[in-house]
Each structure stands twice: as C-alpha cells, then as structure tokens.
Amino acid sequence: MSIKKRLIISNIGMIVIPILGFLIVEIILAYLLFVVFNGNPQGKDLSLFIQFRFIAMVLILIITNGLLTYYVSKSILVPIKKLSIAAKKIREGELEYSVKSNKKDELGELSNTFESMRIKLKEAKAEQILYEQNRQELIASISHDLKTPLTSIKGYVNGIQDGVANTPDKLKRYLDTIYKTANDMDGLIDELFLYSKLDLKRLPFHFEKVDLYPFFADFVDELVFNMESEHGTAALIANKEESFIVEADREKLKRVVVNIIQNSLKYMKKDHKEIQVYLFSKPNEVVVEIKDNGIGISKEDIPFIFNSFYRTDTSRNSSTGGSGLGLSIVKKIIEEHGGTIWAESELGKGTSIYFKLKKVI
C-alpha cells in the first residue's frame, strides 16, 4: 500500500474509530450504570455518567491517535532510518549493507533504487580495483618490454666503444642489430600509443560502407605474394553472390586484419604455412573467420589472449618478439565498431579468430 493511501486511511481512522468508540462506550456505560446498577438518570448518577463518558472519550482519542500515529510513522521512519544507515556506510566505503525491500510503497521503491545504486557502486569499485591491477601489470610489462631492448642496445654500444667490433663486418653487424632493436622499440611505442588512445576513446573513427569481399580479396592476394617465399598459401573462401557490406573504418579494419595475420604467422612453426579467410553472410551481420594451421592455443589460455601483454608458454612467449598488444588492439577496434571477437583453437591443429560486424542492409 502506498504512503498516500496509508495516510488517508489513517486520517479516516482517526475520525471513524473514536466515533465508534464513543458510541460503544456510551452504550456500555449507560447499560452498566442505569440497568445493571439501577442508577437514577437524574442527579448524581447522570453527572457520574457524563464524567465517565468524558474520560472515556479522552482515552479513546489518545489511544486511537497514539496507535495510528505510531504504526504509520513506524512504517515510514524505519525504512528511512535504514536508508540513512546505508548512506553513512556507503560514505565510509562499506558497500555490503543491503537495503533491499519487498514493500510496494514509495519507500520500498526508494529502497530498491538505493539498493541498485549500491550494487552498481560495488561493481564500479570492483572494476576500479581490477583496472588498477591491470594498470600496474601494464606498467610492469611496458617496463620489461622496453628495458630488454635497451639493455641489448647498451651492450652493443659498449662493445663498439670497447673496440670489440674491430672489423668493418663486425661493426656493421653491431650497428644493424642496434638499428633493428631500436626499430622494434619504435614499433612498441607506436603500439602503446595506439592502445592508450583506444583505451581513452580518443582515436577518431571514420565509418563508411565497406564491401568485405573485395576488401579481403585484395588483402589475400597481397598475402599470397608475401607468403610465396616461405612456401605458404592463403585463400579467401566466400560466396560472391551474398552481401558482405558493413559499416566500418577501412584503415582501422585493415589494422585488425594485419594484427591477426601477423600474430598467426609469428606462431606458425610449420614448414607449410596456411592462412584461410572465410566470410559468412548472416541476416543482420557478417562473420569473418581467419584460420591458420599453427601450433594452436590451449583451452585455458583462449579466454585471455585478447588481454594486453598476455603471454603463454606455448603460443605467446617473449622470444617471438612483438609488443603483446596486437590482439588487445584488435579487440578494442572491433568493439568500437559495435562488433564482437572471439577465438577457437586446438593445440597442434591451428587457431581461428572470429569477429562479426553489423551488416548494412
């Protein structure tokens, strides 16, 4: 029952109950005084009756108003007190105090709204703790991935300064190694810069209609050419008659595909490398599968491969190089497109990276 209805009924009760009480008390008093005890309706007995009736009327008014006020105020003040306690606890950072209510009145709705706020604050606090942990891990990973090549560069520079590179060929090897290591560092910094802009949502996206069939046909043709030297093959598998038009940022989408392909080739330790791209046209979306015949990823690691700097002993280790941010960047770009990305893999047989984008109808 709503508070408004409760107050109306209480006010009606404060009028009706005393009136009924007066009538009942007057009848009972009159019966006892004038019938049971044979009182005289005149004189002292009548005066005594009026006095008793007045006292009864006052008592009925006090009791009725007191009880109704108590119960109505209790139904309002108790939830308010509970909300006040919860607010103080939340102010002090304690988010475990529940104020969930089964009542259907305004205060019950307010309590449940407050409870929803508490739960969201609790979730936000948990996300903040997780974000802080991820930030600390990110800083540690960045420090490690930058320190390793810096140590290598310093070592080769010291070798040159100490005269270890005492021949032109040896000096050239040292300088080539320094240049390659510095170039890798530059690539890592570029990846970090892109990742941070995506994370802060400060990277502009320019969406347009993109037909994924010619987009991937051109990409696969170039990939075939690049893989010929390593005796690898690449193929695009799709039905030309179907529609594969999506709304996407062409350059960002290219970055997604490049990162996935580079990641596949990096961990494809086989003499014959294969990359297959599948396009599936659904009623409202297009699904892309990029499949390789690499070493695969264990089931335990699959849920984490899109995390920044995540490495495993089998499929992602520091010896292969790279920033460790490639698939994290891929996930963020796909999510900015309103799509989703996931992976399926089997050790020794290869990995498939899937992502889907909304189709333009």
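This section reports on the structure supplied with the text. (Residues numbered from 1 in each chain as written. Predicted model: local features only at pLDDT ≥ 70, side-chain atom pairs only at ≥ 80, totals over all residues. Heavy atoms only, no water.)

## Brief notes about helix H7 (residues 326-336)
Three- or four-residue spacings in an α-helix give side chains the same orientation, since the helix completes a turn every 3.6 residues.
Move 1: Those residues of H7 not exposed but buried are Gly326, Leu327, Ser328, Ile329, Val330, Ile333 and Ile334.
Move 2: Close packing links the buried residues of H7 with helix H4 (168-199), helix H6 (250-266), strand S6 (340-346) and strand S7 (350-358).
Move 3: Where H7 ends, the next residue or the one after it, Gly338, has phi of about 80°, a positive value. (Buried < 20%, exposed > 50% of the residue type's maximum accessible area, 1.4 Å probe, protein only. Helix = DSSP H or I, 4+ residues; strand = E, 2+ residues; numbered from the N terminus. Contact = heavy atoms within 4.5 Å.)

## Considerations on the packing of aromatic side chains
Move 1: In this structure the tally under the stated criterion is six aromatic pairs.
Move 2: Aromatic side chains Tyr156 and Tyr174 sit 5.0 Å apart centroid to centroid with 90° between the ring planes, which places their arrangement in the edge-to-face category. Of this pair, Tyr156 sits in helix H3 (residues 106-161) while Tyr174 sits in helix H4, and the two are 18 residues apart along the sequence.
Move 3: Considering the side-chain rings of Tyr278 and Phe280, the 6.1 Å spacing of their centres and the 5° angle between planes classify their relative orientation as stacked.
Move 4: Looking at Lys252, its charged tip hangs above the ring of Phe205, at a distance of 5.2 Å from the centre. (Phe/Tyr/Trp six-rings, centres within 6.5 Å; stacked < 30°, edge-to-face > 60°. Lys NZ or Arg CZ within 6 Å of the ring centre and 35° of its normal.)

## Details of the packing of H3 against H4
Move 1: Relative orientation of the contacting elements H3 and H4 amounts to 165°, with a least axis distance of 9 Å. Of the possible angle classes, the one that applies to H3 and H4 is roughly antiparallel. The crossing of H3 and H4 is left-handed.
Move 2: Here the residues of the contact of H3 with H4 sort into 20 nonpolar, four polar and two charged. (Axes fitted to C-alpha atoms, helices over the stretch in contact; angles between N-to-C directions. Parallel < 35°, antiparallel > 145°, perpendicular 65-115°, else oblique. Left-handed = near helix turned anticlockwise from the far one by under 90°. Nonpolar A, V, L, I, M, F, W, Y, C, P; charged D, E, K, R; others polar.)

## With respect to the packing of H4 against H7
Move 1: Between H4 and H7, the shortest axis-to-axis distance is 10 Å and the interhelical angle comes to 30°. Judged by the inter-axis angle, H4 sits roughly parallel to H7. The two elements H4 and H7 cross, and the hand of that crossing is left-handed. For the pair H4 and H7, the contacting residues are Glu191, Leu194, Tyr195, Leu198 and Asp199 in the first and Gly326, Ser328, Ile329, Lys332 and Ile333 in the second.

## Comments concerning the pairing of strand S5 (residues 285-292)
Note on strand geometry: in a regular strand, side chains alternate between the two faces of the sheet.
Move 1: Taken across its eight residues, S5 has six buried, putting it largely inside the fold.
Move 2: In this structure, strand S4 (residues 274-281) lies alongside S5, joined through seven bridges in antiparallel fashion. Bridge pairing links Ser281 to Val286 in S5.
Move 3: Taking the residues that link successive antiparallel strands as the turn, the S4-S5 hairpin has three residues.
Move 4: In the sheet, S5 pairs with S7 via seven bridges, with the strands oriented antiparallel. (Pairing = 2+ DSSP bridges.)

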